[in-house]
Amino acid sequence: MKTPILSRTLLAALTLGTASAVTPVSAPTWSNTGLSSATYVILEPRVEGNINLVGADQRKSILEAMKRDSAGAISRRYPAAKIATDAATPGAIRVTPTFIAPRSLVPWAKLGGRLDFELPNGQKMSAREDFGISILLQKRSEFVNYMYDTVAKQLP
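The rules behind these values
- Residues numbered from 1 in each chain as written.
- Predicted model: local features only at pLDDT ≥ 70, side-chain atom pairs only at ≥ 80, totals over all residues.
- Heavy atoms only, no water.
- Phe/Tyr/Trp six-rings, centres within 6.5 Å; stacked < 30°, edge-to-face > 60°.
- Helix = DSSP H or I, 4+ residues; strand = E, 2+ residues; numbered from the N terminus.
- Lys NZ or Arg CZ within 6 Å of the ring centre and 35° of its normal.
- Expected span 1.5 Å × (residues − 1).
- Buried < 20%, exposed > 50% of the residue type's maximum accessible area, 1.4 Å probe, protein only.
- Contact = heavy atoms within 4.5 Å.
- Salt bridge = Lys/Arg side-chain N within 4 Å of Asp/Glu carboxyl O.
- Axes fitted to C-alpha atoms, helices over the stretch in contact; angles between N-to-C directions.
- Parallel < 35°, antiparallel > 145°, perpendicular 65-115°, else oblique.
- Left-handed = near helix turned anticlockwise from the far one by under 90°.
- Nonpolar A, V, L, I, M, F, W, Y, C, P; charged D, E, K, R; others polar.

This next bit is on the packing of aromatic side chains. All chains considered together, the criterion is met by three aromatic pairs. Ring centres 5.5 Å apart and planes at 85° place the aromatic pair F131 and F143 in the edge-to-face group. Pair noted here: F131 is in strand β6 (residues 124-132) and F143 is in helix α5 (residues 143-152), with a separation of twelve residues, a long-range link. Ring pairs connect the aromatic residues F131, F143 and Y146, which therefore count as one cluster. When the ring centre of Y146 is taken as reference, the NZ or CZ atom of K139 above it lies at 4.6 Å.

Structural data, given as structure tokens:
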């Protein structure tokens, strides 16, 4: 059966148009090379543990700091990396910053920070660091920034 010229031309145009419109995005790997030039999307931060240790206003400012400071820590660790705001950015590594609150505010309590990474290929990795309450008191308003800088040092 012969294919009409118009159909072949339309098929060729669609095929060529599709091929040229799709730009392959190389998926980053869990290596210094892969992470240093990747695009990251910071997802909504989470708090685990006793979230009632702080009031609603404090919690809101902590969550904002977590999103901002985790992005800053990644940018400082990997200066060539890009931080995107759209969670649907193709090829981006999705990062969830997490704060692990202690059960109670006693001198021996530990609190932690974690960055959970999901690479475009579905691979998941986490980096975590625990801190004593004394560091929180020492760093005060800069604690979240300090926490994520310390966590980011664990990355390849």
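Time to look at helix α3 (residues 56-77). Spanning 22 residues, α3 covers 31 Å between terminal C-alpha atoms, matching the ideal 32 Å at 1.5 Å per step. Those residues of α3 not exposed but buried are A65, M66, D69, S70, A71, G72, A73 and I74. On the buried face of α3, the contacting elements are β1 (39-42), β2 (46-48), β3 (82-84), β4 (93-100), β5 (110-118) and α5.

Any two side chains of opposite charge can pair if their charged atoms end up close together. Tallied over the entire structure, the rule returns seven salt bridges. When the shortest N-O distance is used, the salt bridge between E44 and K67 registers 2.8 Å. Of this pair, E44 sits in the loop between β1 and β2 while K67 sits in helix α3, and the two are 23 residues apart along the sequence. With relative accessibility at 57%, the residue E44 sits in the exposed group. For K67, a relative accessible area of 30% gives the class partly exposed. We note a salt bridge from R114 to E48, for which the minimum N-O separation is 2.8 Å.

Time to look at the side chain of T150. Position of T150 relative to the elements: it lies in helix α5. The contact partners of T150, leaving out residues within four places of it in the chain, are E129 and F131.

Glancing now at unusual backbone geometry. A positive phi angle, near 45°, is found at R140, a position not held by glycine. Inspection of the secondary structure puts R140 in the loop between α4 (133-139) and α5. The class of R140 is exposed, set by a relative accessible area of 62%.

Let's shift gears to the packing of α3 against α5. Each packed pair of helices is defined by two parameters, the angle between the axes and the distance between the axes. Packing of α3 against α5 leaves a shortest axis separation of 8 Å and a crossing angle of 40°. Here α3 is positioned oblique relative to α5, judged by the angle of their axes. As α3 packs across α5, the resulting crossing turns out to be right-handed. Here A65, M66, D69, S70, A73, R76 and R77 of α3 come into contact with α5, specifically with V144, N145, Y148, D149 and A152. Residue composition of the contact of α3 with α5, grouped by class: six nonpolar, two polar and four charged.

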